[in-house]
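# Structural description and commentary
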Protein chains: 2
Amino acid sequence: MRKVLAFDLGGTKFAFGVVAEDGTVLGSGRVETLAQNGPDQAVKRVATAAHELLLKLNLKSSDLLGIGIASPGPLDIARGCVDGSPNLPGWTGYSIEGELSKAFGLPARIDNDTNAAALGEYLFGAGKGRKNLVYITISTGIGGGAIVDGRLMRGANGNAAELGHITLDIKGPACPCGGNGCFEMYASGTAIARRTREALAHGTTSSILSLAGKVENVTTHHVLQALAQNDPLAKKIWDETTEYLGRGLAVIIDVFNPEIIVVGGGVTAAGDVLFKPMREKALRYAFPRLAAVCSIVPAGLGGDVGVVGAAACAFEASR
Amino acid sequence: MRKVLAFDLGGTKFAFGVVAEDGTVLGSGRVETLAQNGPDQAVKRVATAAHELLLKLNLKSSDLLGIGIASPGPLDIARGCVDGSPNLPGWTGYSIEGELSKAFGLPARIDNDTNAAALGEYLFGAGKGRKNLVYITISTGIGGGAIVDGRLMRGANGNAAELGHITLDIKGPACPCGGNGCFEMYASGTAIARRTREALAHGTTSSILSLAGKVENVTTHHVLQALAQNDPLAKKIWDETTEYLGRGLAVIIDVFNPEIIVVGGGVTAAGDVLFKPMREKALRYAFPRLAAVCSIVPAGLGGDVGVVGAAACAFEASR
């Protein structure tokens, strides 16, 4: 079975693995990124660790098809590097793609991490074989990726599908992206916690507060715990959350006419209490003819999504 | 040079033409659609007229690569038909694609008219060769189409890129699509006229009124005439219009990361007075890294866009 080497770059950890063409992770590992020390030391250490993994798996570079790299955006894919990524200061202009390619003598391809995840879900995950697929992740922020007729939509410089920055309200608060009232300002995990803390700060009483200990500690998890106990504030916050998510997904349906939307990220741990109302609202607010053909499902890859997504990029590049 | 037969279906007219692979229209014509009389009579008459055109051009079906059809949406591309198109009552389920294919013994492909226009602008128009291109038309409504890495984004059932239904305000007025506060409810030609009439009905004095004669007659054209005379209401309406357009285009930039946005439709007759502020605002509200690589230009195909767009679909289908 064909295999690739995959790297999942983050501000804290730099994970890697060898992945087979059925999506199986044959071996994996991680090093500290130590992002503030610049890219060269991190790339060298991760390459050394990956070489050791290959030895352990009794593989040579020539047994591999290529290298896939999932990286936080924004990217400049023409140069194979990040381009002003806030968690990777000083990395702009350093060709992660070129250096890893050189280190293994293999073709390499870098993609935005959520785009890589979309491709992973298409090749190996919950949207396997669904040629028109949109992936979103709801966690600290909201990120996205789109598969259009079986191929990853990369965009002009590799930054397509910034779906967290779909507008919900042009008169809403300013977003660092340049817009106002972006989707992720209302519906990300961060936003859910912030809206809850604001309500508590305005004096609303709720069991969320006793669950969290103090207002500053409130997370989505506490909202969900309180929701299970029928706490009125938790119910209000959650209804608003699924409303915002439904609105954002409806725009995604109208823009992409996807067969499937795959939703991942920490907030999806909520399960049906999230998916049922989110799905119902998304399909209600979208064009009926487009809503009729779109399913909305939880992600399939879980914790492996980083490395498996990066591997998917390597498989796509080798086609 | 390779040639195709192209059909541009509308609620009133059914246009057709023979188009060469450089985009030249070698001959064209049109019949009345008489939409309310159903699809069969219209397709038969347009086929007869197109057969006559082929005779006149001294061409046989076998000299042609195939047939492209641009149609109002929504579509069901699997069945080759419209699917609940409001201006084509009773046409749902009738395979325009299949019938025209049969009439000429050629492969046929149907696409949504704004998607066809996007492909036309990519192959022959203002975005020639720009592989990541979004087209929007600002006229009665706002429609769109997207070219992703050199190929038309069709979506699951041919209805991708309903870009007039990007949300600007989820608390805005209800749209027949199912959403609220859609882009086209603020920035289409219809919306510009409606917003102006509302301001006049609220008693705002303006030279727009004397130009139009009466409130009910106001169109975008009168707003532009009054704008040229520095009319304060026209200025306010126009500033708001370019603000809405900038907001909508910024979302398009963040979603598609396009190299180019091609803007067509009647409202673009305004020229620089539209493009300058719209462009400036779109680039300001979008992600800087994505805005940096995106140009925003007027459409290149003008009145031929329908037939040339349909031809582009036939050329793409034959690849």
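Residues numbered from 1 in each chain as written. Chains lettered and ligands numbered in written order. Predicted model: local features only at pLDDT ≥ 70, side-chain atom pairs only at ≥ 80, totals over all residues.

## Quick notes on the overall build of chain A
Each helix and strand in chain A was counted, giving 11 helices and 12 strands. If you line up chain A on its principal axes, its C-alpha atoms span 60 × 45 × 35 Å. When the 319 residues of chain A are sorted by exposure, 57% land in the buried category. For chain A, long-range pairs separated by at least 24 residues make up 62% of all intrachain contacts whose partners lie at least 6 apart in sequence. (Helix = DSSP H or I, 4+ residues; strand = E, 2+ residues; numbered from the N terminus. Buried ≥ 20, exposed ≤ 12 C-beta atoms within 10 Å, placed from the backbone. Contact = placed C-beta atoms within 7 Å.)

## Digging into the sheet that holds strand S2 (residues 13-20) of chain A
Two orientations exist for strands paired in a sheet by backbone hydrogen bonds: parallel and antiparallel. Residues and elements named next belong to chain A. Pairing in this open sheet of 5 strands is mixed, and the strands run S3-S2-S1-S4-S7 from one edge to the other. For this open sheet the edge positions go to strand S3 (25-32) and strand S7 (108-112), each flanked by a neighbour on one side alone. On average, each strand axis in the sheet is tilted by 20° relative to the strand beside it, whichever way the strands run. As paired elements, strand S1 (residues 3-9) and S2 share 7 bridges and run antiparallel to each other. Pairing of Leu5 across the sheet is with Val18, part of S2. (Pairing = 2+ DSSP bridges. Axes fitted to C-alpha atoms, helices over the stretch in contact; angles between N-to-C directions.)

## Focus on the relation of the copies chain A and chain B
At an RMSD of 0.0 Å, chain A and chain B line up after a rotation of 180° and a shift of 0.0 Å along the axis. Taken together, these values place the two copies in the relation of a two-fold axis. In terms of proximity to the rotation axis, the leading residue of chain A is Asp169(A), whose C-alpha is 2.1 Å off the axis. Mapped onto chain B, 100% of the interface residues of chain A again fall at the interface, so both copies present the same surface. (Least-squares fit on C-alpha atoms with pLDDT ≥ 70 in both.)

## A closer look at helix H5 (residues 189-201) of chain A
All names here are of chain A. Compared with an ideal rise of 1.5 Å per residue, which puts 13 residues at 18 Å, H5 spans 18 Å between its outermost C-alpha atoms and is within 8% of the ideal. Listing the buried residues of H5 in full gives Gly189, Ala191, Ile192, Ala193, Arg195 and Thr196. On its buried face, H5 is in contact with strand S8 (133-138), helix H4 (184-187), helix H6 (207-212), helix H7 (220-228) and helix H8 (232-256). Once H5 finishes, Gly203 follows within two positions and takes phi at roughly 95°, a positive value. (Expected span 1.5 Å × (residues − 1).)

## Looking at the interface of chain A and chain B
Each side of the interface is counted separately: chain A has 44 residues, and chain B has 44 residues. Listed by contribution, the elements that provide at least two residues to the side of chain A that touches chain B are H8, helix H9 (272-285) and helix H10 (288-291) of chain A. At 6 residues, H8(A) tops the list of elements feeding residues into the side of chain A that touches chain B. Looking at the side of chain A that touches chain B residue by residue, the classes come out as 22 nonpolar, 10 polar and 12 charged. (Nonpolar A, V, L, I, M, F, W, Y, C, P; charged D, E, K, R; others polar.)

## Digging into the sheet that holds strand S11 (residues 260-264) of chain B
All names here are of chain B. Taking strand neighbours across the sheet as the criterion, the 5 strands line up as S10-S9-S8-S11-S12 in an open arrangement whose pairing is mixed. Sheet topology places strand S10 (151-152) and strand S12 (295-298) at the edges, where each strand pairs with a single neighbour. Bridge count for strand S8 (residues 133-138) against S11 is 5 bridges, and the pairing is parallel. Bridge pairing in S11 places Val134 opposite Ile261. The strands that helix H3 (residues 113-123) touches are S8, strand S9 (142-148), S10 and S11; relative to S9, the one it contacts most, it runs at about 50°.

## Points about the domain arrangement of chain A
Residues and elements named next belong to chain A. In terms of domains, chain A is made up of domain 1 (3-113 + 303-317) and domain 2 (126-299). Computed from C-alpha coordinates alone, the two centres of domain 1 and domain 2 are separated by 28 Å. Contacts between domain 1 and domain 2 engage 10 residues on the former and 7 residues on the latter. Listing elements by their share of the side of domain 1 that touches domain 2, those giving two or more residues are strand S5 (75-76), S7 and helix H11 (305-317). (Domains from an automatic or database assignment.)

## Digging into the pairing of S9(B)
Residues and elements named next belong to chain B. The buried fraction of S9 is high, at 7 of 7 residues. Where burial is concerned, the two faces of S9 agree: the one with Ile142, Gly144, Ala146 and Val148 and the one with Gly143, Gly145 and Ile147 are both buried. Pairing analysis gives 6 bridges linking S8 to S9, with the strands arranged antiparallel. Bridged to Leu133 within S9 is Ile147. Inspection of the sheet shows S9 paired to S10 by 2 bridges, in the antiparallel sense. In the strand pairing of S10, Val148 is matched with Arg151. Hairpin remark: S9 followed by S10, antiparallel, with 2 residues in the connecting loop; positive phi at Asp149, about 50°.

## Digging into the environment of Met185(B)
Residues and elements named next belong to chain B. Tracing the sequence through the fold places Met185 in helix H4 (residues 184-187). Here Met185 falls in the buried class, since 27 other C-beta atoms lie within 10 Å of it. The residues touching Met185, leaving out its near neighbours within four places in the chain, are Gly172, Pro173, Cys175 and Ala191.

## Considerations on the packing of H8(A) against H9(A)
Residue and element names in this part refer to chain A. Running from N to C, H8 and H9 point in directions that differ by 45°, and their axes come no closer than 7 Å. Put simply, H8 runs oblique to H9. Remark: the crossing between H8 and H9 carries right-handed chirality. Contacts between H8 and H9 involve Thr242, Glu243, Leu245, Gly246, Arg247, Leu249, Ala250 and Ile253 on the former and, on the latter, Leu274, Pro277, Met278, Lys281, Ala282 and Tyr285. Of the residues that constitute the contact of H8 with H9, the class distribution is 9 nonpolar, 2 polar and 3 charged. (Parallel < 35°, antiparallel > 145°, perpendicular 65-115°, else oblique. Left-handed = near helix turned anticlockwise from the far one by under 90°.)

## Some points on the pairing of strand S11 (residues 260-264) of chain A
Remember that side chains alternate between the two faces of the sheet whenever the strand is regular. Residue and element names in this part refer to chain A. Within S11, 5 of the 5 residues are buried, which leaves the element mostly enclosed by the surrounding structure. Two strands pair when backbone bridges link them, and S11 and strand S12 (residues 295-298) are joined in this way by 4 bridges, in the parallel orientation. Its bridge partner lying in S12, Ile261 is registered against Ile296.

## Some points on unusual backbone geometry
Across the junction of Gly73(A) and Pro74(A), the peptide omega takes the value -5°, indicating a cis bond. For Leu34(B), which is not a glycine, the phi torsion comes out positive at approximately 45°. Along the chain, the position of Leu34(B) falls in the loop between strand S3 (25-32) and helix H1 (39-56).

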